[in-house]
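Understanding the architecture of this molecule
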Amino acid sequence: MGLPTNLPRIEQFVASRFFCICSHYYGRGSRQRQQVQHTSLRAYNVVPPARDSTEKAMMDRMLRVDHAGEYGANRIYAGQMAVLRRTSTAALIEHMWDQEKQHLKTFIELMAENRVRPTILMPFWNVAGFALGAGSALLGKEAAMACTVAIEETISEHYNSQIRELMEEDPERYKDLLELIKTFRDEEMEHHDIGLEQDAEMAPVFWLLKNTIQAGCKAAIFLSERF
Amino acid sequence: MAALFRTLKAASGGSLRCLVSAHRNQISKVERSFRVAAVLRLSDESKQEETPPHYSSSYHKHYQASAPEPETEFKNTSYAHQSGEQEEDYETEEQLQHKILTAALEFVPKYGWSVDAIAEGAKTLNLSGAAAGMFNNGAGDLILHFVMQCNSDLSDILSEKHKQIQLGQIEPLKTDKFLREAVETRLRMLIPYIDSWPQAMSILLLPHNVPESLKHLSTLIDDIWYYAGDRSTDLNWYTRRAALTGIYNTTELVMVQDSSPDFEETWKFLENRVNDVMNMAHTAKKDCTCDEFCQECAVELTLDVRCTEDQTRHVTSRDLLSNNPRVIPVTSRSRDNDPNDYVEQDDILIVKLRKGQELRLRAYAKKGFGKEHAKWNPTAGVSFEYDPDNALRHTVYPRPEEWPKSEYSEIDEDEVQAPYDPNGKPERFYYNVESCGSLRPETIVLSALAVLKKKLSDLQTQLSHEIQSDVLTIN
């Protein structure tokens, strides 16, 4: 965990984006951004600048928990890959992991642009996520899929509640953010369905696994919103 | 770290003493009349021109804000009209409070951070002194207002600079320099009130003021890091802000009891603290503090080869062209440059090209040392020996005749080991350094000695600084 680095050199395209109140990226980060697939959503800031402190607090909370969630999901897939690397499911897990990586990248950019405080529990999610992924994978491929199903179901529910919250506030104002969250929610549902297809329900004590993991997930969401 | 704690203890001791003396002065000042205050205000305004341009832009704003106030509005206002819906050019209560507090700041040097200063400020706006009763928190409100004002001024300055950097008008600063400048700019805003600042600090520490003052502090630190370029989203976010908070608070404490001209000691203290934090971070990069590579620590080499003939083209290390004539591939060193070079250097083959194939690349030769990665270790082997004939009997051979003689042996063929010398001491040491080819053995040994010498001398210098410069001794 190193401390400060230098400011990046001035990127040429910053001038073209000067009209929006955007922050400056590390050179590496902006190069990455050019490769992001959701280019249509990244042409401008997806989140509108906050009008007052309550809106800022709400945005902060939502982005913080989403970022923590995607980071945790990343670590879970990493744990699963570590165990199931040489099996037949590796390709599938890799595909799902790549999508999660994209999600995480998007949220990191949103956090930076909107100056959102990340959750202090990040190192904890790092370890816990990897342990959960690896642990469930050690119980077998079906258990790993069951873990995926449980997590993705909770995350989809969570995204849905965020969508509901934003719709209640002002659907017009948050149109772009809503589109982004909807896209992510759809991809998470896709992972959920893939998990079910892959015989997740055949896992040992599936109902126990699923409920424990979901309870843990909900606790994580609660904590990340506040801390 | 130990230095930091000593600083804190000494500084807080000093600030407490300042607080007590400031309080005593206040009580006698309360009796002075408004005329004197007006005279003081006039003299303060004339003093404005002399203040250094560094921070006076923000300081001026305070004064300019209060100066035109009395003429514009509030001819027949009173405490009763606090809701403010009656007339169009009426302001909200918040704006009114803001105006009063800004006006009150002029009287702080005289009345200290107190309700009296607020009362005097209200009087300059043609309000009665009782308007100070609007502020439940009294002096706390005034101080928090001042802190908020300074923070927003700093934020404006930083965002202005940021815009200029984005437009390419000025060069971006390195992080440590940026942090130092930002903290210095912010602390300089305290200079006009520095005598009464310890009182303000202690008021801010009162339990009912702590949450809000912490909020202002965290906004300030977050702003500074944001404009310094921090976009981290992991634990770094917290560690960086914690570090800067520590730096800012300790520097503030040092400042309130600094008596050097223009607070030189404070800025030096600040520089040292920022460097401490930077050194903690840059443990891997010893000589260069840049990010990936820069002019200081890397040399660019280019290779551009195209095969146009039917024959195979061998791309070798000789095709690597450096932009620094002193840094070239080992094989490109010509014989006459270095008569000591006794090894035959053949060019190293990189790749073979067919007709129509082309290779174009840019490579960076980075300077590093063995601790970072073994590839930078120039030494292949080192040997050490002393007392080749075992005259001192530092080892006892069960059968000495089995053991081959050392190359440094000085005894005859038929002797097995030298006769025992009980009074002997190890005196002559035989070192052998084998280089892997990147540096000559003599260079390795001499530069190793130079590095060791530098480390010891740096240690000595730092130690003497620690002992001598006790910045925080209270005289």
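Scoring rules and cut-offs
- Residues numbered from 1 in each chain as written.
- Chains lettered and ligands numbered in written order.
- Predicted model: local features only at pLDDT ≥ 70, side-chain atom pairs only at ≥ 80, totals over all residues.
- Heavy atoms only, no water.
- Helix = DSSP H or I, 4+ residues; strand = E, 2+ residues; numbered from the N terminus.
- Contact = heavy atoms within 4.5 Å.
- Areas by Shrake-Rupley, 256 points an atom, 1.4 Å probe, with all protein chains shown as cover.
- Buried < 20%, exposed > 50% of the residue type's maximum accessible area, 1.4 Å probe, protein only.
- Core = buried A, V, L, I, M, F, W, Y, C linked by side-chain atoms within 4.5 Å.
- Phe/Tyr/Trp six-rings, centres within 6.5 Å; stacked < 30°, edge-to-face > 60°.
- Lys NZ or Arg CZ within 6 Å of the ring centre and 35° of its normal.
- Pairing = 2+ DSSP bridges.
- Salt bridge = Lys/Arg side-chain N within 4 Å of Asp/Glu carboxyl O.
- Axes fitted to C-alpha atoms, helices over the stretch in contact; angles between N-to-C directions.
- Parallel < 35°, antiparallel > 145°, perpendicular 65-115°, else oblique.
- Left-handed = near helix turned anticlockwise from the far one by under 90°.
- Nonpolar A, V, L, I, M, F, W, Y, C, P; charged D, E, K, R; others polar.
- Patch = residues over 30% accessible without salt bridge, like charges linked within 9 Å, V, L, I, M, F, W, Y side chains within 5 Å.
- pLDDT = per-residue confidence, 0-100.
- Expected span 1.5 Å × (residues − 1).

**Regarding the overall build of chain B**
Each helix and strand counted, chain B has 14 helices and seven strands in total. The long-range fraction of contacts in chain B, counting pairs at least 24 apart against all pairs at least 6 apart in sequence, stands at 68%. Taken as a whole, chain B presents about 28,800 Å² of accessible surface, with 54% of it coming from carbon and sulfur.

**Things to note about the overall build of chain A**
The helix and strand inventory of chain A stands at eight helices and zero strands. Listing the helices and strands of chain A from first to last along the sequence gives α-α-α-α-α-α-α-α. Counting only residues that meet the buried cut, chain A has 52% of its 227 residues in that class. For chain A, contacts bridging at least 24 residues in sequence account for 78% of all contacts bridging at least 6. Of the roughly 10,800 Å² of accessible surface on chain A, 59% is carried by carbon and sulfur atoms.

**Topic: helix α7 (residues 115-124) of chain B**
Residues and elements named next belong to chain B. Most of α7 sits inside the fold, with seven of its ten residues counted as buried. Every buried residue belonging to α7 is among Ala117, Ile118, Ala119, Glu120, Gly121, Ala122 and Thr124, and all of these are buried. One or two residues past the end of α7 sits asparagine 126, with phi positive at roughly 65°.

**Looking at the side chain of A:Ser156**
Within the secondary structure, A:Ser156 is located in helix α6 (residues 141-169). Aside from chain neighbours lying at most four places away, what touches A:Ser156 is A:Arg185, A:Glu188 and A:Met189.

**A word on unusual backbone geometry**
For A:Asp199, which is not glycine, the phi torsion reads 65° and is therefore positive. Looking at the secondary structure, you find A:Asp199 in the loop between α7 (175-197) and α8 (206-226). Positive phi, normally seen in glycine, also occurs at B:Asp262, with a value near 55°. In this fold, B:Asp262 is placed in the loop between α12 (235-256) and α13 (264-281).

**Structural notes on the nonpolar core**
In summary, soluble globular proteins display a tendency toward joint burial of nonpolar side chains. B:Ile100, B:Trp113, B:Leu142, B:Trp197 and B:Ile224 are the most contacted members of the largest nonpolar core, which totals 64 residues. If one sorts the elements of this core by residue count, helix α8 (residues 139-166) of chain B sits on top with nine residues. Leaving out residues up to four positions away in the same chain, B:Ile224 has contacts with B:Leu154, B:Leu158, B:Phe178, B:Leu179, B:Ala182, B:Val183 and B:Leu244. The next biggest cluster of nonpolar side chains, apart from the first, holds 45 residues, and it includes A:Val47, A:Leu84, A:Phe184 and A:Ile213.

**Side note on the environment of A:Glu225**
Residues and elements named next belong to chain A. Within the element layout of this structure, glutamate 225 appears in helix α8. Glutamate 225 sits 160 residues away from valine 65 along the chain, and the two C-alpha atoms are 5.1 Å apart. What glutamate 225 contacts, discounting residues up to four positions off in sequence, is Arg61, Arg64, Val65 and His158.

**Comments concerning the packing of aromatic side chains**
Inspection of the entire model under this criterion finds 16 aromatic pairs over all chains. Residues A:Phe107 and A:Phe184 carry aromatic rings whose centres are separated by 5.5 Å and whose planes lie at 70° to one another, so their mutual orientation is edge-to-face. Pair noted here: A:Phe107 is in helix α4 (residues 90-113) and A:Phe184 is in helix α7, with a separation of 77 residues, a long-range link. Above the face of the A:Phe222 ring, A:Arg226 is positioned so that its terminal group lies 4.0 Å from the ring centre. The ring of B:Phe269 carries the charged tip of B:Arg273 above its face, separated from the ring centre by 4.8 Å.

**As for the sheet that holds strand β3 (residues 321-322) of chain B**
Residue and element names in this part refer to chain B. Sheet architecture is open: three strands sit in the order β3-β1-β5, paired in antiparallel fashion. Every interior strand has two partners, whereas the edge strands, β3 and β5 (358-366), have only one. Alignment of strand β1 (residues 298-306) against β5, held across nine bridges, turns out to be antiparallel. What sits directly across from arginine 306, in β5, is glutamate 358.

**Observations concerning the pattern of salt bridges**
Going through the model one piece at a time under the given rule, you end up with 28 salt bridges over all chains. Here A:Arg51 makes a salt bridge to A:Glu55, at a shortest N to O gap of 3.2 Å. On the basis of relative accessible area, A:Arg51 is assigned to the exposed category, the value being 56%. Here A:Glu55 falls in the buried class, since its relative accessible area comes to 6%. Across the pair B:Arg360 and B:Glu358 runs a salt bridge whose closest N-O atoms are separated by 3.5 Å. Overall, the relative accessible area of 62% leaves B:Arg360 in the exposed class. Using a relative accessible area of 37% as the deciding quantity, one classes B:Glu358 as partly exposed. When salt bridges with common partners are traced through the structure, they connect A:Arg115, B:Asp222, B:Asp223, B:Asp230, B:Arg240 and B:Arg241 into a single cluster.

**Some thoughts on the packing of α8(B) against helix α9 (residues 175-188) of chain B**
Residues and elements named next belong to chain B. Remark: α8 packs on α9, axes separated minimally by 10 Å, with the N-to-C direction vectors making an angle of 140°. In this view, α8 runs oblique relative to α9, as classed from their interaxial angle. Of the two elements, α8 crosses α9, and the hand of that crossing is right-handed. Mapping the contact onto sequence places Val147, Cys150, Asn151, Leu154, Ile157, Leu158 and Lys161 in α8 and Phe178, Glu181, Ala182, Thr185 and Arg186 in α9. Partitioned by chemical class, the residues of the contact of α8 with α9 number seven nonpolar, two polar and three charged.

**Focus on a nonpolar patch on the surface**
A cluster of nonpolar residues, A:Ile120, A:Phe222, A:Leu223 and A:Phe227, forms a patch on the protein surface that exposes about 370 Å² of accessible area. In this fold, A:Leu223 is placed in helix α8.

**Here's the deal with the confidence of the model for chain B**
All names here are of chain B. With 75% of its residues at a pLDDT of 70 or more, chain B has an overall mean of 79. Across residues 18-23 the pLDDT falls below 50, and counting only partners more than four positions away or on other chains, this stretch makes five contacts in the model. Throughout residues 25-88 the model reports pLDDT below 50, and contacts reaching past four residues in sequence, or to other chains, amount to 75 contacts.

**Describing the confidence of the model for chain A**
All names here are of chain A. Overall, the prediction assigns chain A a mean pLDDT of 81, with 81% of residues at 70 or greater. For chain A, per-element mean pLDDT is lowest for helix α2 (residues 27-34), which scores 37, and highest for helix α5 (residues 122-138), which scores 93. Per-residue pLDDT stays below 50 along residues 11-16; that stretch engages in eight contacts with residues further than four places along the chain or on separate chains. Predicted confidence is poor over residues 18-43, with pLDDT under 50, and the contacts of this stretch with residues over four places away or in other chains come to 59 contacts.

**Notes on α7(A)**
Under the 1.5 Å per step criterion, the end-to-end length of α7(A) is 33 Å for 23 residues, consistent within 8% with the ideal 33 Å. Backbone geometry just after α7(A) places A:Asp199 at a positive phi near 65°.

**Overview of the side chain of B:Thr233**
Locating B:Thr233 in the fold gives a position in the loop between α11 (210-228) and α12. Contact partners of B:Thr233, with chain neighbours within four places excluded, come to A:His67, A:Ile108, A:Met111, A:Pro118 and A:Met122.

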